[in-house]
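# Geometric and topological summary
Residues per chain, in single letters:
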Amino acid sequence: MGRERETQKPQQVSYTVEQMVAVNPYNPDILPELENYVNEQVSSQTYSLDANLCLLRHYQFEPERMSTQIVARILVKALMAMPAPDFSLCLFLIPERVQMEEQFKTLIVLSHYLETGRFRQFWDEAAKSRHIVEAVPGFEQAIQAYAVHVLSLSYQKVPRPVLAEAINIEGLSLDKFLEHHEANSGWILEKSHGRGQLIVMPSNEFNHPELKKNAADNIPLEHITRIFPILG
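Residues numbered from 1 in each chain as written. Predicted model: local features only at pLDDT ≥ 70, side-chain atom pairs only at ≥ 80, totals over all residues. Heavy atoms only, no water.

### As for the packing of helix α2 (residues 31-44) against helix α3 (residues 49-61)
Under the convention used in this document: Here, axes are lines fitted to C-alpha atoms. For helices the fit covers the stretch in contact, and angles between N-to-C directions go from 0 to 180 degrees. In DSSP terms, a helix is any run of H or I states spanning at least four residues, a strand is any run of E spanning at least two, and both are numbered starting from the N terminus. Here roughly perpendicular refers to angles of 65 to 115 degrees, roughly parallel to angles under 35, roughly antiparallel to angles over 145, and oblique to all remaining angles. With the far helix as reference, a near helix turned anticlockwise by less than a right angle produces a left-handed crossing, and one turned clockwise produces a right-handed crossing. For this analysis, residues touch if any pair of their heavy atoms sits within 4.5 Å. Each residue is assigned to one of three groups, with Ala, Val, Leu, Ile, Met, Phe, Trp, Tyr, Cys and Pro labelled nonpolar, Asp, Glu, Lys and Arg labelled charged, and all others, Gly among them, labelled polar.
Closest axis-to-axis distance for the α2/α3 pair is 10 Å, and the angle between their directions is 135°. Considering the angle they form, α2 stands oblique to α3. Regarding α2 and α3, the two cross each other, and that crossing is left-handed. Here α2 contributes Leu31, Leu34, Glu35, Tyr37, Val38 and Gln41 to the contact with α3, which in turn contributes Ala51, Asn52, Cys54, Leu55, His58 and Tyr59. Partitioned by chemical class, the residues of the contact of α2 with α3 number 8 nonpolar, 3 polar and 1 charged.

In structure tokens:
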């Protein structure tokens, strides 16, 4: 007589946080996983706006479970995503009474400085709140990238002091920064008489408006030929 067949236990399917958010975002049982995922984003320097918004919605339904430390980290990660409007999206889900706490008032001020291109004020304020922003690795580099993005839309040629102020780097560190972008980002460094070093930014439709295409340029020819009989 053969051995009895062992009863097989059903395999337990494991889901990633992203999958849980997609399948059942309103399940309150996933709140701890969402909080852990925020910390994982911080440590691994990754980012998931959808998961973070999902967690903030859960906090709306269960405010007694809210972790202000987690919320602060979500907002710092959202700042790092600029020029995307993630900070405003997250802030909309945070109760006003929470926004009035000192650390959140600071983050709102930092967001305003970035949105208005007031980088000197931003770095000065961030220096006073290192305990908030330095808790998230990569913060400084992300803001520097955003500052460079803004300058590239505004200038054809950026004076070295303007760049130094925007990214909060000077001296040899700035030299290395420039060398890196000269080699990898198409920047050109040139000297200007009486004005010091200038950084020539790659051309785009914002700093060179003549490059902007007319809407008509994007209309396929076959669409235009279909219009002619109608006009006739």
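So that's the structure; there's more coming.
### Topic: the environment of Asn52
Rule in force here: Only protein chains enter the calculation, and the probe is 1.4 Å; a residue is then buried if its accessible area is under 20% of its type maximum, exposed if over 50%, and partly exposed in between.
Turning to its location among the elements, Asn52 is positioned in helix α3. Using a relative accessible area of 1% as the deciding quantity, one classes Asn52 as buried. C-alpha separation for the pair Asn52 and Ile74, spaced 22 residues apart in sequence, amounts to 6.6 Å.

### Some points on unusual backbone geometry
Here the amide bond leading from Met82 into Pro83 is cis, since omega sits at 20°, within 30 degrees of zero. Position of Pro83 among the secondary structure elements: in the loop between α4 (68-80) and α5 (86-92). Here Gln45, not a glycine, exhibits a phi torsion of approximately 55°, which is positive. For Asn168, which is not a glycine, the phi torsion comes out positive at approximately 60°. Along the chain, the position of Asn168 falls in the loop between α11 (160-167) and α12 (171-184). Residue classification places Asn168 among the partly exposed positions, given a relative accessible area of 34%.

### Looking at the pattern of salt bridges
For clarity, the threshold we go by: Counted as salt bridges are all cases of a side-chain nitrogen of Lys or Arg within 4 Å of a carboxyl oxygen of Asp or Glu.
Scanning all chains against the criterion turns up 7 salt bridges. A salt bridge links Glu102 to Lys105; its shortest N-O distance comes to 3.9 Å. With Glu102 and Lys105 both in helix α7 (residues 102-115) and 3 residues apart, this pair spans about one turn of that helix. Across the pair Glu190 and Lys157 runs a salt bridge whose closest N-O atoms are separated by 2.9 Å. Residue Glu190 is located in strand β2 (residues 188-192), and its partner Lys157 is located in strand β1 (residues 157-159); the two are separated by 33 residues in the primary sequence. Taking relative accessible area as the criterion, Glu190 reaches 28% and is therefore assigned partly exposed.

### Things to note about the nonpolar core
For soluble globular proteins, nonpolar side chains are generally found buried alongside one another. For clarity, the cut-off: Residues grouped as a nonpolar core are buried Ala, Val, Leu, Ile, Met, Phe, Trp, Tyr and Cys residues, joined through side-chain atoms within 4.5 Å.
Counting residues in each nonpolar core, the largest one holds 64 residues, and the members touching the most others are Leu75, Leu107, Phe122 and Leu163. In terms of residues, this core owes the most to one element, α4, which gives 9 residues. If sequence neighbours within four positions are ignored, Leu107 has contacts with Ala72, Leu75, Val76, Leu79, Phe87 and Ile132.

### A few points about the side chain of Asn204
Put simply, the test is: Within 3.5 Å is the distance limit for a polar contact, defined as a pair of N or O atoms, with the added protein rule that one can donate a hydrogen and the other accept it, and that residues adjacent in sequence qualify only through two side-chain atoms.
Here Asn204 shows up in the loop between β3 (196-200) and α13 (221-231). A relative accessible area of 18% places Asn204 in the buried class. A distance of 3.0 Å separates a polar atom in the side chain of Asn204 from the backbone oxygen of Ser152. At 2.8 Å, the side chain of Asn204 and the backbone nitrogen of Phe206 are in polar contact.

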